[in-house]
Amino acid sequence: MSFKTLTALVATTLALSGAAFADTAHKIMVHDAYARASNAKAGAAFMEIMNHTDTDDRLIAVKSGVAARTQLHTHQEDANGVMKMLHVEDGFVVPAGESVVLERGGNHVMFMGLTHPFEDGETIPVTLVFEKAGDVSVDVPVNLGRKPSHDGHSGHDHTEHDHNAHDHSEHDHSHSD
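None of these values were measured; they are calculated from a predicted model. (Residues numbered from 1 in each chain as written. Predicted model: local features only at pLDDT ≥ 70, side-chain atom pairs only at ≥ 80, totals over all residues. Heavy atoms only, no water.)

Enquirer: Looking at this structure, how should I read the sheet that holds strand 3 (residues 57-63)?
Expert: Pairing between sheet strands relies on hydrogen bonds along the backbone, with the strands arranged either parallel or antiparallel. The four strands lie next to each other as 6-3-9-10, forming an open sheet whose pairing is antiparallel. Each end of this open sheet is capped by a strand with a single partner; those strands are strand 6 (92-94) and strand 10 (134-141). In this sheet, neighbouring strand axes are inclined to one another by 40° on average, regardless of whether the strands run parallel or antiparallel. Looking at chain direction, strand 3 and strand 6 are connected through three bridges and run antiparallel. Bridged to Arg58 within strand 6 is Val93. (Pairing = 2+ DSSP bridges. Helix = DSSP H or I, 4+ residues; strand = E, 2+ residues; numbered from the N terminus. Axes fitted to C-alpha atoms, helices over the stretch in contact; angles between N-to-C directions.)

Enquirer: What is the right way to look at the environment of Val66 in this model?
Expert: Summarising the element assignment, Val66 is placed in the loop between strand 3 and strand 4 (67-77). With 58 residues separating them along the chain, Val66 and Ile124 place their C-alpha atoms 7.3 Å apart. Those residues within four positions of Val66 in sequence are excluded, and the remaining contacts are Phe111, Gly113, Leu114, Thr115, Phe118, Ile124 and Pro125. (Contact = heavy atoms within 4.5 Å.)

Enquirer: Please clarify how the pattern of salt bridges should be interpreted in this entry.
Expert: Two side chains bearing opposite charge may form a pair once their charged atoms approach each other closely. Tallying each qualifying case throughout the model produces one salt bridge. With a shortest N-O distance of 3.4 Å, Lys63 and Asp135 are connected by a salt bridge. Taken together, the positions of Lys63 in strand 3 and Asp135 in strand 10 put the pair 72 residues apart, joining distant regions of the chain. Residue Lys63 is classed as partly exposed on the basis of its relative accessible area, which comes to 43%. (Salt bridge = Lys/Arg side-chain N within 4 Å of Asp/Glu carboxyl O. Buried < 20%, exposed > 50% of the residue type's maximum accessible area, 1.4 Å probe, protein only.)

Enquirer: What's the story with the side chain of His75 in this structure? I'm lost.
Expert: By the secondary structure assignment, His75 is in strand 4. Its relative accessible area of 10% is what places His75 among the buried residues. In terms of polar contacts, His75 uses its side chain to reach the backbone carbonyl oxygen of Gly106, at 3.4 Å. (Polar contact = N/O pair within 3.5 Å; in protein donor to acceptor, adjacent residues only side chain to side chain.)

This is the structure in structure tokens:
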């Protein structure tokens, strides 16, 4: 095999593998994303993540330039009925062919040390990092006073927990709901 043929073969293989990777990333879809800010220090984002592949994936991290720290969080009730917000270092499994909802009072994206207060109607860039699909960029609209619009995909009420009542500048907080 000549060097020219080998080079063409390698280039074709790389192009095809890149296309396959891009196709996988597009099979992870985000629906009904919105963000809320509780004050000038912290905010949160909520969304439905759909995995249209035949393989489980895991949301392992989140990145955004709008805060000093951006993490995956959940709420957990302790023995006294007090809700604690916890950083989820292992992330969230998104099963093959299914959806995971990041919602108020449950799993969500947490922004700590905001670079500026979120303004209603603003859009914030967020990168969701998946174990298999890699980086998925999402423009998340800031919605300070209204429920997000749903078109029947998730059917969840995002009003059950009020982030506005809490300072989320640290990742482990105790508060009552």
